[in-house]
Every structure is written in structure tokens, then in C-alpha cells.
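Chain residues, written in single-letter form:
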Amino acid sequence: LFGGRGANDQRLDTVIQLDVGHARCDELDARLPSPRSDMAVATTADGQVLLLGGDGPHGPMADIVRFDPERMVLAKTAMRLTGPVADMTAIPSDDGWLLMGGRRPRSLRDEVDHFRADGTIRRLGQRLPFAVSGASIVTMGGHVYVLGGMTTKRIENRMVRWPW
């Protein structure tokens, strides 16, 4: 578990390792470069973890942090998102990840970006049918499905296929 929110809604910089097999969790010595919550997560082919954006003490962030599980080290990368965003969802695609929805400093996103491990980000032409943050995304049968999330007016209960 990377970061999150603690008592009084403060952002955390902690890293917790869960051992489900032994029913225990340990706080690691590794720390995030700054406190944050609500990051998108992408796992690379070499087992590294990328933490994308997130919500910091002053709102959404655009930085990308890399976690090396072999060395137990977290470091901010030179890569950046196209703008600050939290509550975005990352899902693996052919040669990278789709970054879908999310929350900007003053609005929600309906954009879909293609992100590659080298840091290249390309905005795709097909947007989500509505701006949403915190949605669950799944691929089934060659299609991408967006489930739930928060819009500006309500908690979503729809499931939509993308591209739609």
C-alpha cells in the first residue's frame, strides 16, 4: 500500500507491505518523495511499479514515482503526466497503459491517454462518455469496461464499454 489518507484526512508517505499468506502487514523503511493518495498504479515488465499522479497536500499532482521492489526504493522520475490528476485509473494496453478519467484541480476528466514506460503520453481521440474519477476499469473479451466512479453530480452505477 502506497501512501493514502490518515486521521484528519492528511496524506501519508508510508509504504505498507501486505503478506496475505501469513496474515500480516509491515511498514517498510521506504517513503514516498512526498505525502499523497489516490494514485494510479502501473506495473512494468521488469517488476517495477509506477505511481502516477495522485492527490498531495495541495491537490492533484503530475509527477510519476517509481518503486523498485528488489531494492525497496522509491524515487521521483523525470517523467510527468500532461497535467495534475488524481483518482485516475491505469489499465494495461498493448505497449503501455490506458490512463482513464480522473480529477484535475477544478474539474473531472473524460480524456483517455496512452502512456508508455518511456514516459511518452498520447491523448486518444475517443473520450469517455462522461467525466469520472475513481472508476474501476476492466478488460474482457477485447473490450474495456468502465464501472462506477464519481461524476460531478452523483456516484455512478453505470457500466459502459470503451470505445463506445
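The preceding data block contains the structure.
Student: Hey, could you run me through the packing of aromatic side chains in this one?
Tutor: According to the stated counting rule, one finds two aromatic pairs in the structure shown. With 5.2 Å between their ring centres and 70 degrees between their planes, Phe 2 and Phe 67 make a pair best called edge-to-face. Within this pair, whereas Phe 2 is found in the segment before strand E1 (16-19), its partner Phe 67 is found in strand E7 (residues 63-68), the two being separated by 65 residues in sequence. By relative accessible area, which is 22% here, Phe 2 ends up partly exposed. A cation sits over an aromatic face here: Arg 158 above Phe 130, 4.0 Å from the ring centre.

Student: Teacher, can you tell me more about the sheet that holds strand E15 (residues 159-162) here?
Tutor: Paired through backbone hydrogen bonds, the strands of a sheet run either parallel or antiparallel to each other. Spatial strand order, E13-E14-E15: three strands in an open sheet with antiparallel pairing. On the outer flanks of this sheet lie strand E13 (136-140) and E15, each paired with one strand and no other. Ignoring strand direction, the axes of neighbouring strands in this sheet form an average angle of 30 degrees. The sheet contact formed by strand E14 (residues 143-147) and E15 spans four bridges and is antiparallel. Across the sheet, the residue bridging to Val 146 is Val 160, located in E15.

Student: Whenever I open this one, the sheet that holds E7 confuses me. Can you help?
Tutor: Strand order in the open sheet formed by four strands is E3-E4-E7-E8, and the pairing between neighbours is antiparallel. Looking at which strands have only one partner, the edges of the open sheet turn out to be strand E3 (40-43) and strand E8 (73-80). When the angles between neighbouring strand axes are averaged without regard to direction, this sheet yields 25 degrees. Sheet analysis places E7 next to E8, joined by five bridges and oriented antiparallel. In the sheet register, Val 65 faces E8, and the bridge partner there is Lys 76.

Basis of the calculations
Residues numbered from 1 in each chain as written. Predicted model: local features only at pLDDT ≥ 70, side-chain atom pairs only at ≥ 80, totals over all residues. Heavy atoms only, no water. Phe/Tyr/Trp six-rings, centres within 6.5 Å; stacked < 30°, edge-to-face > 60°. Helix = DSSP H or I, 4+ residues; strand = E, 2+ residues; numbered from the N terminus. Buried < 20%, exposed > 50% of the residue type's maximum accessible area, 1.4 Å probe, protein only. Lys NZ or Arg CZ within 6 Å of the ring centre and 35° of its normal. Pairing = 2+ DSSP bridges. Axes fitted to C-alpha atoms, helices over the stretch in contact; angles between N-to-C directions.

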